[in-house]
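# Residue-level structural notes
Listed below are the residues making up each chain.
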Amino acid sequence: MAKKLTQREMRTVTIGLVLVVAILAFTFGSKGFDRWQEVRTSLRTARTKLKDVTVDPVKQAGLLSIVPVAEPPEVEDKQKFSFRDKLHEQLKKAGIKVEPLTISAARRKANVPYRVLSIRCRGKCNFDQLLNFLTTLNENPYLVGVEELRFKCDTKEPPEKRKEIEIDLTVSTFVKPPQVTQPANES
């Protein structure tokens, strides 16, 4: 049966518990305190090193120039015109003469939350113009990928006159799927 402790016994148990907690805290806490001191010292050292770091503007500009620019997908009506205009601008800048661009309907791909919209273009240009266009194609913020690229030259002409080639290019972008609205429950 439970025996009631006297005032003196209660005080002895309380002091004993406090001493046990103090011994445990001193034993294991000193290791934690040492680790805490190490972390503070390394943090102070890292902060002083960070203050000493200077960023070369030329290097930073070079790094920023190779990072691709991307725009998030918009609804189909808005995205197809933005993508088409930017692509047309790039083709014009490269000097490629193209027929009117053909926009295919957006289609759903497996395991992709967006739909894929493709634009096909056909035209004529020099090989150098095609290479210049392909090197600047990644600057298009709406571009997802090149689906198809075919080019051919007229083999009937002599090699020195084979400057003009015909290209057939299909590029794609992502578009947001149309929002499906749920009909309201009519009771």
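Above: the structure in question.
Residues numbered from 1 in each chain as written. Predicted model: local features only at pLDDT ≥ 70, side-chain atom pairs only at ≥ 80, totals over all residues. Heavy atoms only, no water.

## Things to note about the overall build of the chain
Here is the rule we go by: By the criteria applied, helices consist of DSSP H or I runs no shorter than four residues and strands consist of E runs no shorter than two, each listed in order from the N terminus. Only C-alpha atoms enter the radius of gyration; for comparison, a globular chain is expected to reach 2.2 Å times N to the power 0.38, where N is the number of residues. Throughout this description, buried means an accessible area under 20% of the type-specific maximum (1.4 Å probe, protein chains only), exposed means over 50%, and partly exposed covers the range between. Pairs of residues are marked as contacts when any of their non-hydrogen atoms sit within 4.5 Å. The method behind every accessible area is Shrake-Rupley, applied with a 1.4 Å probe, and residues are considered shielded solely by the protein chains displayed. Charged-residue counts in this description rest on Lys and Arg as positive and Asp and Glu as negative, His and the chain ends being excluded. Just so you know, the charge point we use is NZ for Lys, CZ for Arg, CG for Asp and CD for Glu.
Broken down by element type, the chain carries four helices and six strands. Listed by position from the N terminus, the elements making up the chain come as α-α-α-β-β-β-β-α-β-β. For a compact globule of 187 residues, the expected C-alpha radius of gyration is about 16 Å, and the chain comes in at 35 Å, more than 25% above that figure. Across its three principal axes, the chain shows a C-alpha extent of roughly 115 × 70 × 25 Å. Residues counted as buried form 18% of the 187 residues belonging to the chain. Taking as baseline every contact in the chain between residues at least 6 positions apart, the subset at least 24 positions apart corresponds to 70%. A total accessible area of about 15,100 Å² is found for the chain, and carbon and sulfur atoms account for 58% of it. Considering the chain, the positive charge centre built from 33 side chains and the negative charge centre built from 23 side chains are found 11 Å apart.

## Here we look at the environment of Ile-165
By secondary structure assignment, the location of Ile-165 is in strand 6 (residues 164-175). C-alpha of Ile-165 to C-alpha of Val-20: the two residues are 145 residues apart in sequence and 88 Å apart in space. Contacts of Ile-165, omitting those with residues within four sequence positions, involve Gly-123, Lys-124, Cys-125, Asn-126, Phe-127, Leu-130, Phe-151, Lys-152 and Cys-153.

## Section: the packing of helix 3 (residues 76-94) against helix 4 (residues 127-136)
Put simply, the test is: Here an angle of 0 to 180 degrees is reported between the N-to-C directions of two axes, which are lines fitted to C-alpha atoms, with helices fitted over the stretch in contact. For classification, angles of less than 35 degrees are called roughly parallel, those exceeding 145 degrees roughly antiparallel, those between 65 and 115 degrees roughly perpendicular, and all remaining angles oblique. Should the near helix be turned counterclockwise from the far one by less than a right angle, the crossing is left-handed, whereas a clockwise turn marks it as right-handed. Under the grouping applied here, Gly and all other residues not named as nonpolar or charged are polar, the nonpolar ones being Ala, Val, Leu, Ile, Met, Phe, Trp, Tyr, Cys and Pro and the charged ones Asp, Glu, Lys and Arg.
One way to put it is that helix 3 packs onto helix 4 with a least axis distance of 9 Å and a crossing angle of 140°. Our classification of the angle between helix 3 and helix 4 gives oblique. In the packing of helix 3 onto helix 4, the handedness of the crossing is right-handed. Across the interface between the two elements, Leu-87, Gln-90, Leu-91 and Ala-94 of helix 3 pack against Gln-129, Phe-133 and Thr-136 of helix 4. A class-by-class count of the residues in the contact of helix 3 with helix 4 yields four nonpolar, three polar and no charged.

## Concerning the pairing of strand 4 (residues 115-126)
Both faces of the sheet carry side chains from a regular strand, because those side chains alternate between them. Threshold: Being paired, for any two strands, means DSSP has found at least two bridges between them.
Relative to strand 4, strand 1 (residues 97-98) runs antiparallel, the two being bridged by two bridges. In the sheet register, Lys-97 faces strand 4, and the bridge partner there is Lys-124. Note that strand 2 (residues 102-103) and strand 4 share two bridges and pair antiparallel. Paired with Ile-103 across the bridge in strand 4 is Ile-119. Pairing between strand 3 (residues 107-108) and strand 4: two bridges, direction antiparallel. Bridge pairing links Arg-107 to Val-116 in strand 4. In this sheet, strand 6 lies alongside strand 4 in antiparallel orientation, the contact comprising 12 bridges. From the neighbouring strand, Cys-121 faces strand 6, where its bridge partner is Leu-169.

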